[in-house]
Amino acid sequence: MTDIGQITTGGSAGDLQPRPVKRGPASSGDQPGRTADASRRTPDRVELSPQARADRSSDGFRPEVVARVREAIAGGRYETSERIEATIDAMLADPKVIE
């Protein structure tokens, strides 16, 4: 261990002086993920399947289901042991839940 240099004490972080960095003019080609001709890029697009379009046209709100669930919650019939067990089983079966 004789190749380790001597450690001096007494200095502080305040003794360190920042060095200015010389940079040229910024261009989009210097930035990660960008190219010099970024203005010529085609805009992003989203393509929806026919099923996704059909689902998108409906808002997914079903008032009869909401009313039924609210009634079950108010009546104390929503949180059953069967539902709790099914929820636990579904969570245990999903590898993303247990990591």
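Computed from a prediction, not measured in an experiment: that's the story for all the values here.

(A) Layout of helix α2 (residues 63-74). Over its twelve residues, α2 extends 16 Å from the first C-alpha to the last, a length consistent with the 16 Å expected when each residue adds 1.5 Å. Along α2, only one of the twelve residues are buried, which leaves the element largely exposed. One or two residues past the end of α2 sits Gly76, with phi positive at roughly 75°.

(B) Geometry of a nonpolar patch on the surface. A cluster of nonpolar residues, Ile84, Ile88 and Leu92, forms a patch on the protein surface that exposes about 270 Å² of accessible area. Tracing the sequence through the fold places Ile84 in helix α3 (residues 81-93).

(C) Region of interest: the confidence of the model for the protein chain. Averaged over every residue, the pLDDT of the protein chain is 76; residues scoring 70 or more account for 63%. Confidence scores differ between elements of the protein chain, with helix α1 (residues 50-57) showing the lowest mean pLDDT of 75 and α3 the highest of 91.

Calculation notes
- Residues numbered from 1 in each chain as written.
- Predicted model: local features only at pLDDT ≥ 70, side-chain atom pairs only at ≥ 80, totals over all residues.
- Heavy atoms only, no water.
- Helix = DSSP H or I, 4+ residues; strand = E, 2+ residues; numbered from the N terminus.
- Expected span 1.5 Å × (residues − 1).
- Buried < 20%, exposed > 50% of the residue type's maximum accessible area, 1.4 Å probe, protein only.
- Patch = residues over 30% accessible without salt bridge, like charges linked within 9 Å, V, L, I, M, F, W, Y side chains within 5 Å.
- Areas by Shrake-Rupley, 256 points an atom, 1.4 Å probe, with all protein chains shown as cover.
- Salt bridge = Lys/Arg side-chain N within 4 Å of Asp/Glu carboxyl O.
- pLDDT = per-residue confidence, 0-100.

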